[in-house]
Amino acid sequence: MIDRIKQALQDCGVDLWRINDVTEESAELFFVKKQLDTRRFKDVRKFEVTVFRDVRDPAGGPPQRGFTSVVLLSSMPDGQLRQELNSAYYAAQFAANPYFDLADPVQAPLKKKTGPLAQEPLADSAQRMAQSLFAPDVHEDAFLNSAEIFITRTQHHILSSNGTNVSYTDAKANGEFVVQCREPEDVEIHNTFSYNELEGEALSKKVAGALSFVRDRARAQRILKSGRYDVVLSGNAVSTVLHYYMDRSAAFMVYPKYSTWQVGEKVQGQAVAGAQLNLDLCATAPYSEEGIPMVDRPLLRAGELQVIHGPNRFCRYLGVTPTGGYQKLRCENTGKPFEELKAGPCLWAVTFSDFQMDSMSGHFGGEIRLAYLIDENGKATPVTGGSINGSLFEAQEDLEFSSDRYETVDYSGPYGMKIKNVSVAGV
């Protein structure tokens, strides 16, 4: 199929191109309560072809380069391949950008991911995760209503017209589940999980916590008053807030001046009284989709920016080394045990309808589904309703973290984070 695509590109007069050949195998399990409802296995191969086209400015301006992508399947006849590529090449002239050099060529042998998730039969891995998922589901008043588990294994092959030829394998376990408690109020809470390994123990711990939370949500009171609180975030919410620093330092934010950050700048502020942030960019694959070698890189050290990062085009525009696009962030900061971190008075916001972090404004917030209002004596009252609306610009100089760790496919770091003096709208 690769040879057929190359021939079609030649027939269409396309000189600059990249082919991302991805084969994905998956095992998918769908449960209603503990009963397996549906089981599916997939094996799909797709070829995403990106074509580049240089465009001359009729007014004599600087050169431009446009590009567009199309997905091809091995079942397509040669005539359809040429038709799809011709259409993509034609469209590329209308997507012209300032000229940029393509990613530097890289050639290397296949890099294989090792470990049970990458090597065991997909069905076995799915069954192991299912056992971990349902292990904590032993209560009568709170239970798993439904669940979905996806085990995926992929092989990536990246080729380009300028000589790149690399490949690697990857594997992931992800899914979602709904926990329910019917008394004294019938409520459900939706949860997701995603891991790069078979993290059965972490999944069981997540489910056990979710069952406890939904039980408390069913009896939570609508008594939260408006005001300013020391807010404790945990789990995915901590990841969401800290990804602000990854987003603001990305080349695609810096180049159009949505962000003014520069390497060496103290982006956390000049007078940090709390934890000085130490963050890393983590490579979750050997290469980016452009074939750029990916490695772990320091992002912040003591609150100071270490690198501008991102895909090839925007890094070329800024004159910095292209790093590829990162998804995973590691926070090396630590602190006191989580039980001490949330010692009152504070508001531990556990679940939200939709928690968001705005990387443009620095604001974070969401509508509270469950929180614990903790007084100075440590008494925790489950509450629901209201919302939080905080500014990381205002709060980042006085952050506190837990020593407890939390791991997902896109985050590794403290489980808990305390943000002081956050605005809370009550009910």
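Look above for the structure.
Structure report, in brief. Just so it is clear, the structure is predicted and the values come from calculations on it, not from any experiment.

## Side note on helix 1 (residues 2–11)
Listed as buried for helix 1 are Ile2, Ile5, Ala8 and Leu9. Within helix 1, the buried residues cover an arc of 125 degrees as seen down the axis, which keeps them to one side. With respect to the buried face of helix 1, the exposed residues turned more than 90 degrees away are Asp3 and Gln10. For helix 1, the secondary structure elements touched by its buried residues are strand 1 (16–32), strand 2 (35–55), strand 3 (64–72), helix 2 (78–92) and strand 5 (142–160). Just beyond helix 1, the residue with positive phi is Gly13, at close to 75 degrees.

## Some points on the side chain of Ser160
Take Ser160: it is sitting in strand 5. A distance of 2.2 Å separates a polar atom in the side chain of Ser160 from a polar atom in the side chain of Asn162. The contact partners of Ser160, leaving out residues within four places of it in the chain, are Trp17 and Arg18.

## Some details on unusual backbone geometry
With omega at 0 degrees, the peptide bond leading from Glu183 into Pro184 counts as cis. In this fold, Pro184 is placed in the loop between strand 6 (165–181) and strand 7 (187–195). Backbone geometry places Lys33, a non-glycine residue, at a positive phi of 55 degrees. Within the secondary structure layout, Lys33 lies in the loop between strand 1 and strand 2. Overall, Lys33 belongs to the partly exposed group, its relative accessible area being 41%. Even without being a glycine, Ala302 presents a positive backbone phi close to 50 degrees. Note that Ala302 resides in the loop between strand 10 (297–301) and strand 11 (304–305). Accessibility expressed as a relative area gives 35% for Ala302, which makes it partly exposed.

## Regarding the layout of surface pockets
In this structure, the largest pocket encloses a volume near 1,000 Å³. Residue lining of the largest pocket: 33 residues in total, with Lys206, Gly235, Asn236, Tyr406 and Tyr415 positioned closest to the centre. When residues of the lining of the largest pocket are traced back to their parent elements, those giving at least two are strand 7, helix 5 (200–218), helix 6 (236–248), strand 13 (346–352) and strand 19 (405–408). The biggest single contributor to the lining of the largest pocket is helix 5, with eight residues. Residue composition of the lining of the largest pocket, grouped by class: 14 nonpolar, eleven polar and eight charged. Put simply, the second largest pocket is a space of about 600 Å³. His156, Tyr168, Tyr287, Ser288 and Glu289 are the residues nearest the centre of the second largest pocket, which is lined by 29 residues in total. Taken together, the elements giving at least two residues each to the lining of the second largest pocket come down to strand 1, strand 2, strand 5 and strand 6.

## Topic: helix 2
Over its 15 residues, helix 2 runs 21 Å from end to end, which matches the ideal 21 Å to within 8%, given 1.5 Å per residue. Within helix 2, burial applies to Leu81, Leu85, Ala88, Tyr89 and Ala92. Take helix 2 and look down its axis: the buried residues cluster within an arc of 100 degrees, on one side only. When the buried face of helix 2 is taken as reference, the exposed residues oriented beyond 90 degrees from it are Gln83 and Tyr90. On its buried face, helix 2 is in contact with helix 1, strand 2, strand 3 and strand 4 (96–98).

## Concerning the pairing of strand 5
Burial analysis of strand 5 places 14 of its 19 residues in the buried class, which makes it a mostly covered element. Joining the antiparallel neighbours strand 5 and strand 6 is a turn of four residues, in which Gly163 adopts a positive phi near 115 degrees.

## Focus on the pairing of strand 17 (residues 387–391)
Sheet analysis places strand 15 (residues 363–374) next to strand 17, joined by five bridges and oriented antiparallel. If you follow Glu367 over to strand 17, its bridge partner there is Ser387.

## A look at the packing of aromatic side chains
Under the definition given, this model contains 26 aromatic pairs. Relative to Tyr317, the ring of Phe100 lies with its centre 6.2 Å away and its plane at 85 degrees, an arrangement referred to as edge-to-face. Taken as a pair, Phe100 in the loop between strand 4 and helix 3 (116–119) and Tyr317 in helix 8 (residues 312–318) lie far apart in primary sequence, 217 residues in all. The residues Phe100 and Tyr317 share a single accessibility class, namely buried. Centre to centre, the rings of Tyr168 and Tyr287 are 6.3 Å apart; their planes meet at 45 degrees, and the pair counts as tilted.

## Topic: the environment of Ala371
Looking at the secondary structure, you find Ala371 in strand 15. Classification of Ala371 by relative accessible area gives buried; the value is 0%. C-alpha separation for the pair Ala371 and Phe143, spaced 228 residues apart in sequence, amounts to 20 Å. Those residues in contact with Ala371, other than ones at most four positions away along the chain, are Leu347, Trp348, Ala349, Val350, Thr381, Pro382 and Val383.

## Concerning the sheet that holds strand 1
Pairing in this open sheet of seven strands is antiparallel, and the strands run 4-3-2-1-5-6-7 from one edge to the other. For this open sheet the edge positions go to strand 4 and strand 7, each flanked by a neighbour on one side alone. Each strand axis lies, on average, 25 degrees off the axis of its neighbour in the sheet, ignoring direction. One ladder, built from 15 bridges, connects strand 1 with strand 5; its direction is antiparallel. Bridging from a neighbouring strand, Val32 pairs with Ser146 of strand 5. Across the sheet, helix 5 lies against strand 5, strand 6 and strand 7, angled at about 160 degrees from strand 7, the strand it touches most.

Quick notes on the rules
- Residues numbered from 1 in each chain as written.
- Predicted model: local features only at pLDDT ≥ 70, side-chain atom pairs only at ≥ 80, totals over all residues.
- Heavy atoms only, no water.
- Buried < 20%, exposed > 50% of the residue type's maximum accessible area, 1.4 Å probe, protein only.
- Helix = DSSP H or I, 4+ residues; strand = E, 2+ residues; numbered from the N terminus.
- Arc of directions from axis to C-beta.
- Contact = heavy atoms within 4.5 Å.
- Polar contact = N/O pair within 3.5 Å; in protein donor to acceptor, adjacent residues only side chain to side chain.
- 1 Å grid on protein atoms, 1.4 Å probe; cavity = no way out; pocket = protein on both sides within 12 Å on 5 of 7 lines; lining within 4 Å.
- Points joined across faces, edges and corners; volume = space filled by probe spheres on them.
- Nonpolar A, V, L, I, M, F, W, Y, C, P; charged D, E, K, R; others polar.
- Expected span 1.5 Å × (residues − 1).
- Pairing = 2+ DSSP bridges.
- Phe/Tyr/Trp six-rings, centres within 6.5 Å; stacked < 30°, edge-to-face > 60°.
- Axes fitted to C-alpha atoms, helices over the stretch in contact; angles between N-to-C directions.

This is a description of form; function is not addressed.
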